[in-house]
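# Examination of the molecular architecture
Chain by chain, the residues run as shown.
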Amino acid sequence: MRDNVKGGALTEVTFYILLSLYTPKHGYAVMQFIEEETHGRLELGAGTLYGALNALLEKGWIAPWGEAEGRKKEYRVTPLGRERAERELQRLRALAETASRIIGGVT
Amino acid sequence: MSKKCYRFFGGALAAQEKWLNRMAAQGFRLVRTEKLLYEFEACEPGQYEYRVEFVGQKSRKDGEDYRQFLEDLGYRTFYKNINLNYSVGKVRWRPWAEPGGRIATNATTYNRELLIVEKEADGKPFELHTTYEDQIACAGALRGPWLCIAAMFVFFGVVFPHVIFWVLAALSALPALYYQTRIWRLRREAKTKEW
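Residues numbered from 1 in each chain as written. Chains lettered and ligands numbered in written order. Predicted model: local features only at pLDDT ≥ 70, side-chain atom pairs only at ≥ 80, totals over all residues. Heavy atoms only, no water.

Residue and element names in this part refer to chain B. All told, the structure shown has 15 aromatic pairs over all chains when counted by the stated rule. Seen from their ring centres, Phe9 and Trp19 are 5.5 Å apart, and the 45° between their planes marks the pair as tilted. Of this pair, Phe9 sits in the loop between β1 (2–6) and α1 (13–25) while Trp19 sits in helix α1, and the two are 10 residues apart along the sequence. You'll find Phe9 and Trp19 in the same group, each marked buried. Measuring from ring centre to ring centre gives 4.9 Å for Trp19 and Tyr38, while their planes differ by 75°; the resulting arrangement is edge-to-face. Taken as a pair, Trp19 in helix α1 and Tyr38 in strand β3 (residues 37–42) lie far apart in primary sequence, 19 residues in all. (Phe/Tyr/Trp six-rings, centres within 6.5 Å; stacked < 30°, edge-to-face > 60°. Helix = DSSP H or I, 4+ residues; strand = E, 2+ residues; numbered from the N terminus. Buried < 20%, exposed > 50% of the residue type's maximum accessible area, 1.4 Å probe, protein only.)

Here it is in structure tokens:
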């Protein structure tokens, strides 16, 4: 869910899906990637993943990859999706910088 | 060795889900469904878990695409009817459905309103929908048909003034209210809960 009309923060789910698809993956591998990278903190329901993938396909941030015939569908991030992910990284860096300045260094 | 049970749950999704999970806990795994029939095979008690999802708002293509996606993830799925209707050339208009799914026939989505999803238990919680946005959309999809039925009875009540239509309208508005309450609760949580 967007938390700002204009601000352009990605949801965590969206961002992780984009990151997972820097190398082509099918749905199950995306789920595994997210679970591993977050050490099980973020668990994605299959229905939610399905909806998120379709929304990203529609936006053109990811695209189907390879031969889908008879095999599990694979997806890959598009140049537009990469651009969004990179912008999000910058936003998070700026946020982390502000937070570190105020909260101080946390190891 | 298989066990056959005859049940009809209609729109009581939670009851159907609970029953399937109770059967699985006793060591019965679903292998086949028909209109009223559920056929089970013996399995380890608690080996499988079930979720029942409403997919009647989807078009045939979208529903099938979703089912295939779940199958690819390693789940097993079964279509299930929400109505009990044996006519062959059934055509039904579903104003509450998504574009593409509004006309339901036996060849498309009629009698395929529910999806029973089976997962092999692995100690992790089995939830198909894990974001507020998604859970709200699910509750909304379930609210639609009930609202529609209620509106139909209100219309009948106005055209043919008889108390029975108003009673039926009130009865079908109850589940709609139930799902609406869920939507309100989820929306509030989405706003106030940060994690």
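And the narrative resumes.
To continue, consider the sheet that holds strand β5 (residues 76–80) of chain B. Residue and element names in this part refer to chain B. Read from one edge of the open sheet, three strands run β4-β8-β5, paired in antiparallel fashion. One side of each edge strand has no neighbouring strand; the edge strands of this open sheet are β4 (48–54) and β5. Looking at each pair of strands side by side, their axes are set apart by 20° on average, direction ignored. Looking at chain direction, β4 and strand β8 (residues 114–120) are connected through seven bridges and run antiparallel. Considered in β8, the bridge of Arg51 is made with Val117. Of the strands in this sheet, β4, β5 and β8 touch α1, which is tilted by about 165° from β4. Together, β4, β5 and β8 form the strand contacts of helix α2 (residues 60–72), whose direction differs from that of β5 by roughly 150°. (Pairing = 2+ DSSP bridges. Axes fitted to C-alpha atoms, helices over the stretch in contact; angles between N-to-C directions. Contact = heavy atoms within 4.5 Å.)

The subject of this paragraph is unusual backbone geometry. Residue and element names in this part refer to chain A. Even without a glycine there, the phi angle at His39 is positive, about 50°. In this structure, His39 sits in the loop between α2 (27–37) and α3 (46–59). Relative accessible area serves as the criterion here: at 75%, His39 is assigned to the exposed category.

Turning next to the pattern of salt bridges. Residue and element names in this part refer to chain B. Summed over the entire model, instances satisfying the criterion amount to 18 salt bridges over all chains. For Arg51, the salt bridge is made with Glu49, and the minimal N-O distance between the two is 3.9 Å. Residue Arg51 is classed as buried on the basis of its relative accessible area of 14%. Residue Glu71 pairs with Arg67 through a salt bridge whose shortest N-O separation is 3.7 Å. (Salt bridge = Lys/Arg side-chain N within 4 Å of Asp/Glu carboxyl O.)

Bringing a nonpolar patch on the surface into the picture now. Residues and elements named next belong to chain B. Together, Val163, Ile164, Val167, Leu171, Leu174, Leu177 and Trp184 line one region of the surface with nonpolar side chains, adding up to about 700 Å² of accessible area. Assignment of secondary structure puts Leu177 in helix α4 (residues 163–192). Given a relative accessible area of 47%, Leu177 falls into the partly exposed group. (Patch = residues over 30% accessible without salt bridge, like charges linked within 9 Å, V, L, I, M, F, W, Y side chains within 5 Å. Areas by Shrake-Rupley, 256 points an atom, 1.4 Å probe, with all protein chains shown as cover.)

It is worth spelling out the nonpolar core at this point. Counting 33 residues, the largest nonpolar core has Ile17(A) and Tyr75(B) as its most contacted members. Among the elements of the structure, α1 (12–20), α2, α3 and β3 (74–77) of chain A together with α2 and β8 of chain B are those that each provide at least two residues to this core. Top element by residues in this core is α3(A). It accounts for six residues. Counting residues in each nonpolar core, the second largest holds 23 residues, with Leu20(B), Met23(B), Leu30(B) and Phe78(B) among its members. (Core = buried A, V, L, I, M, F, W, Y, C linked by side-chain atoms within 4.5 Å.)

In this model, the second largest pocket occupies a volume close to 980 Å³. Elements with a minimum of two residues in the lining of the second largest pocket: α3 of chain A together with α1, β4, α2, α3 (132–159) and α4 of chain B. Take the lining of the second largest pocket: its biggest share by element is seven residues, from α3(B). In terms of residue class, the lining of the second largest pocket is built from 16 nonpolar, six polar and 13 charged. (1 Å grid on protein atoms, 1.4 Å probe; cavity = no way out; pocket = protein on both sides within 12 Å on 5 of 7 lines; lining within 4 Å. Points joined across faces, edges and corners; volume = space filled by probe spheres on them. Nonpolar A, V, L, I, M, F, W, Y, C, P; charged D, E, K, R; others polar.)

We now examine the interface of chain B and chain A. Frequently, the measure chosen for interface size is the accessible area that the parts lose on association. Of the residues lining the interface, 19 residues belong to chain B; the matching set on chain A comes to 18 residues. Buried area between chain B and chain A, both sides added, is near 1,500 Å², and the carbon and sulfur share of it is 58%. When the buried surface of chain B facing chain A is broken down by residue, Phe69(B), Asp72(B) and Leu73(B) rank first, second and third, together holding 36% of it. Of the charged contacts in the structure, one is a salt bridge between Lys124(B) and Glu35(A), with a shortest N-O distance of 2.8 Å. Elements with a contribution of two residues or more to the side of chain B that touches chain A: α2 and α3 of chain B. (Buried area = accessible area lost by both parts, 1.4 Å probe.)

Moving on, we get to the environment of Phe15(A). Residues and elements named next belong to chain A. Within the fold, Phe15 resides in helix α1. The buried category is assigned to Phe15, whose relative accessible area is 12%. For the pair Phe15 and Ala52, spaced 37 residues apart in sequence, the C-alpha to C-alpha distance is 11 Å. Beyond its immediate chain neighbours, meaning those up to four positions away, Phe15 contacts Leu10, Ala85, Glu88, Leu89 and Leu92.

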